[in-house]
Amino acid sequence: MTLEATEAFLQPRCSSQPRVSIQALWKIFGPDQGPDVLERIAGLSRAEAQATYNCVVALQDVNFDVYDGETFVVMGLSGSGKSTLVRCINRLIRPTTGSVLVDGDDVMGYDDAELTEFRRTKTSMVFQQFGLLPHRTVLENTAWGLEVQDVPLEERSERAQEVLELVGLGEWGEYRPFALSGGMQQRVGLARALASDPEILLMDEPFSALDPLIRRDMQDELMRLQGQMQKTTIFITHDLSEAVRLGNRIAIMRDGAIIQLGTPEEIVAEPVDEYVADFTRDVRPSTVVTVGYIMDRHGTKQVPAEINRPNANVASEQTVDEALSQQWSTPGQLPVMDESGAVVGVIDRDALLQAAFEQPGFSSDNNGAAAAPAEVSLTKAAGVAKPLPLDESEPTADQSLARRISANSGRLVYVPALLGILAMVVCTAIVTIVWGQGVSFPVNWGPDIAAWVNDSLRWLTRTGAPVFDNASDAVLSFLVFLENTLRWFPWPTVVLGIALLSWRTVSWKFGLFAVGTLVAMGLVGLWESALETIALIVVAAAFSVVIAIPLGILAARNNTVDSAIRPILDAMQTMPPFVYLVPGIMLFGIGNVPGIFATVIYAVPPAIRLTNLGIRQVTPQVVEAAQSFGTTRRQLLQKVQLPMAIPTIMAGVNQTIMMALGMVVVASLVGAGGLGEDVLRALGRFRPGEALLAGLAIVGLAIILDRITQAWARNRQASLGKRD
């Protein structure tokens, strides 16, 4: 069987002009993904290329056309490259080399703006893992593609509701995705793809994660929608029965290359090799092969003048099973009719019986095609990379070397350790012989470095005095305003407000605990100090968050920034907190401001780290789904990553608040007020009872703030459909 025959067979069903044309497409994953990598791996098998150059050949010289209105199915085993292929079409994965032509335009040449517009208007994608936004409702998920295009809210909501009605979920618009079953979530994914009215629909194993009955329902739904909308569809699957049921044509992939492309009848009736035959083994050809297909090969298109058997007619589009069930007892030649009812040929019933009961298998004589071996080598022919058969009877030298290295890799692990121990022994012996046991470092740079730091701080203090004075006045004004605001309210109002907040975020029991704790502080004479401490913590936490969130976002989106600030954060967290008091005094003098300065430096790292971590941990499937609809980097951050990272970010804020409370006593050493000053004064006068009461008050505030912020994060996590 040849590809030319296949495409000629199909063209009457669809437009004669290809909508999507894939030409010489390669994708190499690895450290070096430049086009010249093909030169280096030429002549190597996939295993050899991976062992030699640490690269994975995902796609090998893929070529095919998809016609307007066609459902083109790509299938293969896991690792065959089919999911990589579909992502190369909308450039979620950038191919190494080759062309992806859509309506004649090469997607490979698009810049960022053109690619965004292409994803918004030309294509939509349905994913195996759904990729729904858990923090949004079903209606909002469906309208996502329209939202990123800045379509007005009313218009996109109306369109999304129409599509939800189309897929049978009209009453589920206000629910969150976690409230829906797997099949319903996939319907939402399909509705989201259809809402923006794309010209091309990409579907990556959309039904493989569903139960068999639900999968069948979704296939019926897709066939119904396709009958109404006639979308050009590229469908990825590993299930041949699904491929046969849905596809106009099927391409079968192995090791990144297409090894057979044809109609379902051609794939089932004439498998090109044993690999394809294994796919078709459980499919009865008579349920797939049509009368027209058998007539083309075993019948005749010349209608005898004398034939007149109106009750023996069969349709060319009927399967062999359907034709035999209709004409089982009718012997001889059967007239074959087309869709218009005209007789276009005749076929003998025995040919239908032979097709029904004869199980086809691979033969090296199938249309002259020889069996393709399991391994494929990568070579260059006439300047174009092509997958060619590789004789496996005799392993090549590279293969033998790769196998020996793989077999001995377990033993080679110990070689570096043994060499390291030997080097240490030799070094110890040489140093002992030359310099003796008491060898010291040749120079001490410590005093010079310390002097440089001291001089730098003095210079900064002198030259930056106006700046630091203004900054100190601004921070102090904010702190005083907050303290006066808290003192303006009567203490019962403050207690009631914190109790209501505790009840709403945590529980009524914790609300009672907050009331008891705050009232106890007042009864032991620590109310004013507690308010001052709360103000100090709020100011320090506010400055920490203002610094941490942008830095965490920047680190999450730029690996270079992440690598640069990580050792700085390590130093900030491991440095004794007393060290921060010295520059605080030099820059801001004595009082609350240097205490806030030291507290911010000590407490800000957790918020930076967890903001970075939260954004990086947003589900890759959700990010990929958002990007496939033409989401910009700003939209992705504001509408997807930050909302989904909020539970983790709040955990960082919680840790920052706890570390700020831990600095209360240390900050009092430079004149900061509040409960820390009470603890320090009591210790200085050797009054352990007063120190204990102030310390317990700090613990009480810590518990209240910790539980409230944790509960807020848990509530947000629950709204995303996550579980602890």
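Position labels on residues start from 1 in each chain and follow its written sequence. With the structure being a predicted model, the display of local features is reserved for residues of pLDDT at least 70 and the display and counting of side-chain atom pairs for 80 or more, all residues being used for whole-chain, interface and lining totals. For the side-chain quantities, the full set of heavy atoms in the structure was used; hydrogens and water were omitted.

(A) How the structure looks around the overall build of the chain. Summing up its helical and strand segments, the chain has 31 helices and 16 strands in all. Each residue gets one of three labels from its accessible area relative to the maximum for its type: buried under 20%, exposed over 50%, partly exposed in between, using a 1.4 Å probe on protein chains only. Evaluated residue by residue, the chain yields a buried proportion of 48% over its 724 residues. For the chain, restricting intrachain contacts to residue pairs at least 6 apart in sequence, the fraction spanning at least 24 positions comes to 73%. Surface summary for the chain: the accessible area is close to 35300 Å², and the carbon and sulfur share equals 59%. Here a helix means four or more residues in a row that DSSP labels H or I, a strand means two or more in a row labelled E, and each is numbered from the N terminus. Every residue pair with non-hydrogen atoms within 4.5 Å of one another is taken to be in contact. Note on areas: Shrake-Rupley with a 1.4 Å probe; residue coverage comes only from the protein chains shown.

(B) View of the side chain of Asp 273. Mapped onto the elements, Asp 273 comes out in the loop between helix H12 (264–269) and helix H13 (274–280). Exposure remark for Asp 273: the relative accessible area of 1% places this residue in the buried category. Side-chain polar atoms of Asp 273 contact the side chain of Arg 254, separated by 3.2 Å. Think of a polar contact as two N or O atoms within 3.5 Å of one another; within protein, one of them needs to be a possible hydrogen donor and the other a possible acceptor, and neighboring residues in sequence only count if both atoms come from side chains.

(C) The sheet that holds strand S8 (residues 200–204), seen in detail. Strand pairing is assigned whenever DSSP identifies at least 2 bridges connecting the two strands. If you walk across this open sheet you meet the 6 strands as S7-S8-S9-S4-S10-S11, and the pairing is mixed. Two strands close off the open sheet at either side, each with one partner strand: strand S7 (123–126) and strand S11 (257–262). On average, each strand axis in the sheet is tilted by 20 degrees relative to the strand beside it, whichever way the strands run. Direction of pairing for S8 relative to strand S9 (residues 232–237): parallel, over a ladder of 5 bridges. Considered in S9, the bridge of Leu 202 is made with Ile 234. Every axis corresponds to a line fitted to the C-alpha atoms, with the helix fit spanning only the stretch in contact, and the corresponding angles, defined between N-to-C directions, vary from 0 to 180 degrees.

(D) Expanded view of empty space enclosed by the protein. Any residue with an atom within 4 Å of a point lines the site, the site being either a cavity, points on a 1 Å grid over the protein atoms alone where a 1.4 Å probe fits but cannot get out, or a pocket, an open set with protein on both sides within 12 Å along at least 5 of 7 lines. Grid points are joined across faces, edges and corners, and a volume is the space filled by probe spheres set on the points. The full count for this structure, using the stated rule, is 3 cavities of 30 Å³ or more. Considered as a void within the structure, the largest cavity measures approximately 90 Å³ in volume. Along the wall of the largest cavity there are 13 residues; nearest its centre are Leu 536, Gly 595, Thr 599, Val 664 and Ala 667. Among the secondary structure elements, those contributing two or more residues to the lining of the largest cavity are helix H23 (527–557), helix H26 (592–616) and helix H29 (664–668). It is H26 that contributes the most residues to the lining of the largest cavity, 4 residues altogether. Three categories are distinguished: nonpolar for Ala, Val, Leu, Ile, Met, Phe, Trp, Tyr, Cys and Pro, charged for Asp, Glu, Lys and Arg, and polar for the others, with Gly belonging to the last. Taken together, the residues of the lining of the largest cavity break down into 9 nonpolar, 4 polar and no charged. Taken as a whole, the second largest cavity spans an internal volume of roughly 40 Å³. Looking at the second largest cavity, the residues that line it are Leu 190, Leu 194, Leu 201, Leu 222, Leu 225, Gln 226, Met 229 and Lys 231. Elements with a minimum of two residues in the lining of the second largest cavity: helix H9 (182–195) and helix H10 (212–229). It is H10 that contributes the most residues to the lining of the second largest cavity, 4 residues altogether. The residue makeup of the lining of the second largest cavity, split by class, is 6 nonpolar, 1 polar and 1 charged.

(E) Spatial organisation of the packing of aromatic side chains. Geometry of aromatic contacts follows a simple scheme: Phe, Tyr and Trp rings, the Trp one being its six-membered ring, pair when their centres are within 6.5 Å, and the pair is stacked under 30 degrees between planes, edge-to-face over 60, tilted otherwise. This model, assessed by the stated rule, comprises 8 aromatic pairs. Between Trp 172 and Tyr 175, the aromatic rings sit 4.8 Å apart at their centres with planes inclined by 45 degrees, giving tilted as the arrangement. A cation over a ring is seen here: Lys 27 above Phe 29, with NZ or CZ 4.9 Å from the ring centre. To sit over a ring, a charge needs its Lys NZ or Arg CZ within 6 Å of the ring centre and within 35 degrees of the ring normal. Over the ring of Trp 503 we find Arg 504; its NZ or CZ atom is 5.7 Å from the centre of that ring.

(F) Focus on the sheet that holds strand S6 (residues 105–106). Overall, antiparallel pairing links the 4 strands, which are arranged S3-S1-S5-S6 in an open sheet. At either end of the open sheet lies a strand with only one pairing partner, and these are strand S3 (56–67) and S6. Sheet topology note: the strand S5 (residues 97–102)/S6 ladder contains 2 bridges and is antiparallel. Residue pairing across strands places Val 102 opposite Asp 105, the latter belonging to S6. Here helix H4 (residues 82–89) sits on the sheet and contacts strand S1 (18–29), S3 and S5; the angle it forms with S3, its principal contact strand, is near 60 degrees.

(G) Structural view of the confidence of the model for the chain. In the predicted model, the chain carries a mean pLDDT of 81, and the fraction of residues at 70 or more is 85%. The pLDDT value expresses, per residue, how confident the predictor is, ranging between 0 and 100. Within the chain, the lowest mean pLDDT, 33, falls on helix H1 (residues 3–10), and the highest, 93, falls on helix H6 (residues 138–142). Predicted confidence for residues 1–13 stays below pLDDT 50, and this span has 29 contacts to residues more than four positions away or in other chains. In the model, residues 366–377 has pLDDT below 50 throughout and makes 43 contacts with residues more than four positions away in sequence or in other chains.

(H) Fine view of the pairing of S11. Of all 6 residues making up S11, 5 are buried, and the element is well covered by its neighbours. Two strands pair when backbone bridges link them, and strand S10 (residues 249–254) and S11 are joined in this way by 5 bridges, in the antiparallel orientation. Bridging from a neighbouring strand, Ala 251 pairs with Leu 261 of S11. Counted along the chain from S10 to the antiparallel partner S11, the turn is 2 residues long, and its residue Asp 255 has a positive phi close to 55 degrees.

(I) Quick peek at H4. The buried count for H4 comes to 7 of 8 residues, which makes it a mostly enclosed element. Following H4 by one or two positions, Arg 91 adopts a phi angle in the positive range, close to 60 degrees.

(J) Examining helix H25 (residues 581–588) more closely. Here H25 has its buried residues at Leu 581, Pro 583, Gly 584, Leu 587 and Phe 588. Angular distribution of buried residues about the axis of H25 spans 165 degrees; they occupy a single face of the element. Those residues of H25 hidden inside the fold are in contact with helix H19 (446–463), helix H20 (465–488), H26 and H29. Taken from the residues just after H25, Gly 589 is the one with a positive phi, measuring 80 degrees. Note: the arc covers the axis-to-C-beta directions of the helix.

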